Amino acid sequence: MRKVLFIAVSALLMCTSCVTKKKYLEAENGRLEAIGRGNALQEQLVDCRDTGDKLNERLAALQRDTTRMGSNIRNYQTMLSSNMTQQEKLNSLLSQKMEELNERERTINELQDMINAQNEKVRNLLNSVKDALLGFSSDELTVTEKDGKVYVAMSDKLLFESGSARVDKRGKEALAKLAEVLNKQSDIDVYIEGHTDSKPINTAQFKDNWDLSVIRATSVVRILTKDYGVNPLQIQPSGRGEYMPVADNESAEGRSKNRRTEIIMAPKLDKLYQMLQ
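The rules behind these values
Residues numbered from 1 in each chain as written. Predicted model: local features only at pLDDT ≥ 70, side-chain atom pairs only at ≥ 80, totals over all residues. Heavy atoms only, no water. Helix = DSSP H or I, 4+ residues; strand = E, 2+ residues; numbered from the N terminus. Expected span 1.5 Å × (residues − 1). Polar contact = N/O pair within 3.5 Å; in protein donor to acceptor, adjacent residues only side chain to side chain. Pairing = 2+ DSSP bridges. Axes fitted to C-alpha atoms, helices over the stretch in contact; angles between N-to-C directions. Contact = heavy atoms within 4.5 Å. Salt bridge = Lys/Arg side-chain N within 4 Å of Asp/Glu carboxyl O. Buried < 20%, exposed > 50% of the residue type's maximum accessible area, 1.4 Å probe, protein only.

Caption draft 1: Here's a closer look at helix H4 (residues 209-227). Taking 1.5 Å of rise per residue, the 19 residues of H4 would be expected to cover 27 Å, and the 26 Å separating its terminal C-alpha atoms lies within 8% of that figure. Measuring from the backbone nitrogen of Trp210 back to the side-chain oxygen at the start of H4 gives 3.2 Å, which picks out Asp208 as the cap. Positioned one or two residues after H4, Gly229 has a phi angle of 75°, which is positive.

Caption draft 2: Structural detail: the sheet that holds strand S4 (residues 235-241). The strand order S1-S2-S5-S3-S4 describes an open sheet built from five strands, whose pairing is mixed. Two strands lie at the open edges of the sheet, namely strand S1 (141-146) and S4, each paired on one side alone. Between one strand axis and the next, the sheet turns through 20° on average, direction left out of account. Of the strand pairs in this sheet, S1 and strand S2 (residues 149-155) are connected by six bridges, and their pairing is antiparallel. When the sheet's bridge partners are listed, Thr144 is paired in S2 with Tyr151. Together, S1, S2, strand S3 (188-195) and strand S5 (260-267) form the strand contacts of helix H3 (residues 169-182), whose direction differs from that of S5 by roughly 10°. Lying over the sheet, H4 contacts S3, S4 and S5, oriented at roughly 160° with respect to S4.

Caption draft 3: Examining the pattern of salt bridges more closely. Enumeration according to the criterion identifies 13 salt bridges in this entry. With its nearest N and O atoms 3.2 Å apart, the salt bridge here joins Glu99 to Arg106. Judged by its relative accessible area of 44%, Glu99 is partly exposed. Taken together, the shared-partner salt bridges connect Glu99, Glu103 and Arg106 into one network.

Okay, structure coming up:
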């Protein structure tokens, strides 16, 4: 009986020992597994902190870049605004210069039209004078155009006797024909210039060639204005003496050409002068 009891107790103790060891092993394994999970979580926490730090650094960098980009954008906007203001100024200046250019072109066109009209007047005047004086020979007078003016050069043989300032009949006929043209031309200026050769003269009536040339010019003016009605306000006499020869005074032929009275006609240039001022 005792032997049986001993065997039973021993068996019970052995069973109890087996159960306790199993639980211990299970507990130990659980503890080790928990430690392992703790370590893994710790490593994950460290990784998360590193990642967070990196993200914070990246965020700070992005913020700095954003600030810098914002500053650049504001600078660009300022520059753009400045450029637009400068562009507006340039556009305004360009418009002003274009208007000035257009105004100058208009003025040039107006001047050119007036010059063309003046040239047309000169051509018409030249033709009118030539037609009026067709009955006179080339050794009595010549009609030419130069620098926008019409020149009628009348020889002293046509107008005067030698050393005289009295216009003879043939000369008055020529002046009458010319007066017909002048009376139809109210917008021209007329200059009467007396010229002599280089031979000196000294008489009771004329002290020298200056005197002779001036008095001959005024004689022509008196006939044109008093006898033939040319407006005295558009005619002006002057004497040139011997100082504007057209030929050599060494020969008789040359001196004959130099002894002349020139009637110079030119369209009035008042409008042109006003535009140029």
